[in-house]
Amino acid sequence: MFCVKTVPGPTWANAEIHLKWLLSHRRLRRSVSSGSTTPPEKAGHSRSRSRAQRASARLHSPGMCRGAGRDRTNFSSAANKISIDFEQSQEAYRSKDSLELLRSLVVFKLCSYDFLVDNNKEIIDLGKKILGQKVFDQLMKMTFYGQFVAGKDHISIQPLVQKNQAFGVGSVLDYSVEEDISQKEANQKESSSISAAGNRSIGEGYREKNYEAGKQLGDSQREVIGTYTYFYADEAKCDQHMETFMKCIKASGGSSMDGFSAIKMTALGRPQLLLHFSEVLMKWHRFFTFLVSQQDDIEALEQRLELTQLQELMTRLGANGDYHSWFSGKKGVSAGRIDILDWNTLIDDRARISDLLFVPNVKLGKLEPLLQNFTVEDENQLKRTLQRLDVLAKCASENGVHLMVDAEQTYFQPAISKLTLDTQRIYNREKPVVFNTYQCYLKEAYNNVTMDIELSKREDWCFAAKLVRGAYMYQERQRAKEFRYEDPINPNYDATSTMYHRCLCFVLDEIALHRKANVMVASHNEDTIKHAIIRMNELGLLPTENKVFFGQLLGMCDQISFPLGQAGFPVYKYVPYGPVSEVIPYLSRRVQENRGFMKGAQKERELLWKELKRRLVSGELLYRPVY
């Protein structure tokens, strides 16, 4: 149950006056920040699950997650509780021969030097000139490529995939070929796909500025580290990307049981279209937030609007649509009240009910159609993008593979999440086929997770998520500074960890209650992994249920992955593959992304040295894994 708070009549009158004043002064009040402090609960109000969890989050540290009164689901006995020792080097590296351990030490050490990381592209180009392509490729296979990439194609990677599987670790296959072009070329390519409408953003709030289109749309190549870049050429190119992903999905299905395959939405459609549709979605969300802004500062799912008063307000402001009748006929809308999930359903039927979709234009000082700049061609391209995603989801379902949709920049993400949710409600009816990705370095991560879980419960499909900290921090902050909107990223690593654990706790509690949610804990942070295991023990969630997955990158944190696998947890390595020459841009970004991790990977290096010394002393230096 959620606490229902409706807006009284006098407050709505104030809201109308306030909105008209804002329109006349060309300002729109900023939406409530998800990271703001929540006021004390008022006496007499029922305590909903999300409120109780919010209070719990304030009282307890990330490592002391509590279920907010939901520990009644804990039926586990001490005998079922699992504890893993991540200090056992021999067990952690049973799958590696001594040369692989030595390679890891060398690569991690090289990645800890700022000079090499900052100038890696120039060093790579120089290496090619001096050594020649053939010798250079061989050197890369012996070092960075061999450490982080599985092989050139889905056939050559099979030995590594099978070896990892023999030691309890599955694979998330990802064809990692990436286009490596200059910043100037990136701007030219992306700018060519921007429509003549140019900058269509309105208002002064950060969400609208965040979705501005300009030369920065070409920044998808700049400062995006450790991620894959796709530049829109035409629809045929998007079809080629879809076919490549299908090959990867089929390879995942043929290489392991219960496999994963990762895709990027920007490969399936025009990035400018995703940006524009994201702007539409967030304008609509902001308008709802404004309409409930006279209430206490409460979380998104607790906000409610009275239909009768909504209809009266919109009519007085100039909108002619019949909101009351449309919502009254919707399944699940009761007591004449709607929440943000009900409000968002208007977007789903946008082709039939455009007369209901109006938002304030604070520059013109009046309401305007939400979709006035979203053309027929935009809608057709959006449908084609969704159709490609549907083809991939169907292929994944037929091959017994989980399809993982990667998260991208915040100005693309609302559209990416919307298209992913539309696909989940089709293919996740019986089992978790499609996984959405949530970046917990975002201030709004918790709201996003809780709203999507509630949506899955209302529509009766399996929620499936991958939780990550995020890989776009530097780019996001630079863009926020340049466009002068609020930084969407949490202020520091500790705040991000707090957000990660809070989201994880909510999902784990939901799994314990209903057994329909699913989550991949994609993290290299040992404390986060331990936190998840402790909470699973408290809730009685067994590894064999395959509801909680763990994931790390190939070539990193083996001391976490393999002990998890050997203990029976479903754990996966993110396995990139592709030809050496075409994966170099990926490797370049991987080195940059993990700069901080590599510098702080002292424990991993110590465990590697410990195992090498043990093998030397015991006469096992020539050890080769048997499987």
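A. Focus on the overall build of the chain. Looking only at helices and strands, the chain features 26 helices and 12 strands. Across the chain, every contact between residues at least 6 apart in sequence was considered, and the portion connecting residues at least 24 apart equals 80%. In the structure as shown, the chain presents an accessible area of about 26000 Å², 54% of it carried by carbon and sulfur atoms.

B. Representation of the packing of aromatic side chains within the structure. In total, this model carries 17 aromatic pairs according to the counting rule given. Members of the aromatic cluster, each reached through a chain of ring pairs, are Phe260, Phe435, Phe549 and Tyr572. Across the ring face of tyrosine 411, the terminal group of arginine 479 is positioned such that the distance to the ring centre comes to 3.9 Å.

C. Structural view of the confidence of the model for the chain. Confidence along the chain averages 79 in pLDDT terms, with 74% of residues attaining 70 or more. Note that residues 67-79 has pLDDT below 50 and, in this model, 26 contacts with residues that lie over four places away or in other chains.

D. The nonpolar core, seen in detail. Among the nonpolar cores identified, the biggest contains 66 residues, and Trp284, Phe287, Leu310, Trp343, Leu346 and Leu392 are the most heavily contacted of them. With 11 residues, helix α13 (residues 271-291) is the largest single contributor of residues to this core. Other than its neighbours up to four places away in sequence, leucine 346 contacts Trp284, Trp326, Phe327, Ile353, Leu356 and Leu357. If you look at the next biggest cluster of nonpolar residues, it comprises 39 residues, including Leu467, Ala532, Val548 and Cys557.

E. The packing of helix α19 (residues 445-459) against helix α21 (residues 493-514), seen in detail. The interhelical angle for the contact between α19 and α21, taken along N-to-C directions, is 15°, at an axis separation of 9 Å. Comparing their axes, α21 and α19 come out roughly parallel. The element α19 and its partner α21 pack so that their crossing is right-handed. Each of Ala445, Tyr446, Val449, Thr450, Ile453 and Lys457 in α19 lies in contact with α21, whose residues at this interface are Met499, Arg502, Cys503, Phe506, Val507, Glu510 and His514. Residues of the contact of α19 with α21, tallied by class, amount to 8 nonpolar, 2 polar and 3 charged.

F. Expanded view of the side chain of arginine 615. Of note, arginine 615 is situated in helix α26 (residues 602-618). Among residues more than four places away in sequence, those in contact with arginine 615 are Tyr93, Lys96, Asp97, Ser98, Leu101, Glu620, Leu621 and Tyr623.

G. View of the sheet that holds strand β2 (residues 259-263). Overall, parallel pairing links the 8 strands, which are arranged β1-β2-β7-β8-β9-β10-β11-β12 in a closed barrel. Going across the sheet, the axis of each strand differs from the next one's by a mean of 30°, ignoring polarity. Of the strand pairs in this sheet, strand β10 (residues 518-522) and strand β11 (residues 548-553) are connected by 4 bridges, and their pairing is parallel. Paired with alanine 522 across the strands is glycine 551, a residue of β11. Against the sheet, α21 engages β9 (464-468), β10 and β11, with an angle of about 150° to β10. Those strands touched by helix α23 (residues 558-566) are β1 (169-175), β11 and β12 (571-577), and its axis lies near 130° from that of β12.

H. Expanded view of unusual backbone geometry. One non-glycine residue, aspartate 460, lies in positive phi territory at about 60°. Checked against the element boundaries, aspartate 460 lands in the loop between α19 and β9. The exposure class assigned to aspartate 460 is partly exposed, which follows from its relative accessible area of 47%. Non-glycine residue arginine 515 carries a positive phi angle of around 60°. On the accessibility criterion, arginine 515 (32% relative accessible area) is partly exposed.

I. Summary view of the pairing of β12. Taking burial as the measure, the 7 residues of β12 include 7 buried ones, the bulk of the element. Across the two faces of β12 the burial is the same, with Val571, Lys573, Val575 and Tyr577 and Tyr572, Tyr574 and Pro576 all buried. Relative to β12, β11 runs parallel, the two sharing 4 bridges. If you follow phenylalanine 550 over to β12, its bridge partner there is valine 571.

J. Quick peek at the pattern of salt bridges. With the rule as written, the count across this model stands at 35 salt bridges. A salt bridge links glutamate 545 to arginine 515, with the shortest nitrogen-to-oxygen separation between them at 2.7 Å. Highlighted residues: glutamate 545 in the loop between α22 (526-539) and β11 and arginine 515 in the loop between α21 and β10, separated in sequence by 30 residues. With a relative accessible area of 28%, glutamate 545 lands in the partly exposed category. Within this structure, Glu235, Asp239, Glu377, Arg384 and Arg388 form a network of salt bridges that share partners.

K. Examining the environment of leucine 356 more closely. Its location among the elements puts leucine 356 in the loop between α16 (340-348) and β5 (358-361). By relative accessible area, which is 2% here, leucine 356 ends up buried. Remark: the alpha-carbon pair of leucine 356 and aspartate 322, spanning 34 residues in sequence, is separated by 7.2 Å. Setting aside anything within four residues of it in sequence, one finds leucine 356 in contact with Trp284, Gly321, Asp322, Tyr323, Trp326 and Leu346.

L. A look at the environment of leucine 508. Relative to the elements of secondary structure, leucine 508 occurs in helix α21. Each C-alpha atom of the pair leucine 508 and valine 548 lies 8.0 Å from the other, and the pair is 40 residues apart in sequence. If near-sequence neighbours (up to four positions away) are discounted, leucine 508 is found in contact with Val519, Ala532, Arg535, Met536, Leu539, Leu541 and Val548.

M. Structural view of the packing of α21 against α22. Following both chains from N to C, one finds α21 and α22 inclined at 25°, their axes separated by 10 Å at the closest point. As the angle between them shows, α21 and α22 are arranged roughly parallel. Classified by chirality, the crossing of α22 by α21 is right-handed. In contact with Tyr500, His501, Leu504, Cys505, Leu508, Asp509 and Ala512 of α21, α22 contributes Thr528, His531, Ala532, Arg535, Met536 and Leu539. Here the contact of α21 with α22 is built from residues that sort into 8 nonpolar, 3 polar and 2 charged.

N. Summary view of helix α7 (residues 133-142). Restricting attention to buried positions, one finds in α7 the residues Phe136, Asp137 and Met140. With its buried residues spanning 100° around the axis, α7 presents them on a single face. α7 presents Lys134 and Met142 as exposed residues on the side facing more than 90 degrees away from its buried surface.

O. Representation of the environment of glutamate 91. One can find glutamate 91 in helix α3 (residues 89-92). Classification of glutamate 91 as partly exposed rests on a relative accessible area of 36%. Sequence separation between glutamate 91 and glutamate 611 is 520 residues; the distance between their C-alpha atoms is 9.5 Å.

P. Quick peek at the pairing of β2. Counting buried positions along β2 gives 5 out of 5 residues, so the element sits mostly inside the fold. Residues Gly259, Ser261 and Ile263 point to one face of β2 and Phe260 and Ala262 to the other, with burial holding for every one of them. Relative to β2, β1 runs parallel, the two sharing 2 bridges. Considered in β2, the bridge of leucine 173 is made with serine 261. Note: β2 against strand β7 (residues 401-405), 5 bridges, orientation parallel.

How each quantity is defined
- Residues numbered from 1 in each chain as written.
- Predicted model: local features only at pLDDT ≥ 70, side-chain atom pairs only at ≥ 80, totals over all residues.
- Heavy atoms only, no water.
- Helix = DSSP H or I, 4+ residues; strand = E, 2+ residues; numbered from the N terminus.
- Contact = heavy atoms within 4.5 Å.
- Areas by Shrake-Rupley, 256 points an atom, 1.4 Å probe, with all protein chains shown as cover.
- Phe/Tyr/Trp six-rings, centres within 6.5 Å; stacked < 30°, edge-to-face > 60°.
- Lys NZ or Arg CZ within 6 Å of the ring centre and 35° of its normal.
- pLDDT = per-residue confidence, 0-100.
- Core = buried A, V, L, I, M, F, W, Y, C linked by side-chain atoms within 4.5 Å.
- Buried < 20%, exposed > 50% of the residue type's maximum accessible area, 1.4 Å probe, protein only.
- Axes fitted to C-alpha atoms, helices over the stretch in contact; angles between N-to-C directions.
- Parallel < 35°, antiparallel > 145°, perpendicular 65-115°, else oblique.
- Left-handed = near helix turned anticlockwise from the far one by under 90°.
- Nonpolar A, V, L, I, M, F, W, Y, C, P; charged D, E, K, R; others polar.
- Pairing = 2+ DSSP bridges.
- Salt bridge = Lys/Arg side-chain N within 4 Å of Asp/Glu carboxyl O.
- Arc of directions from axis to C-beta.

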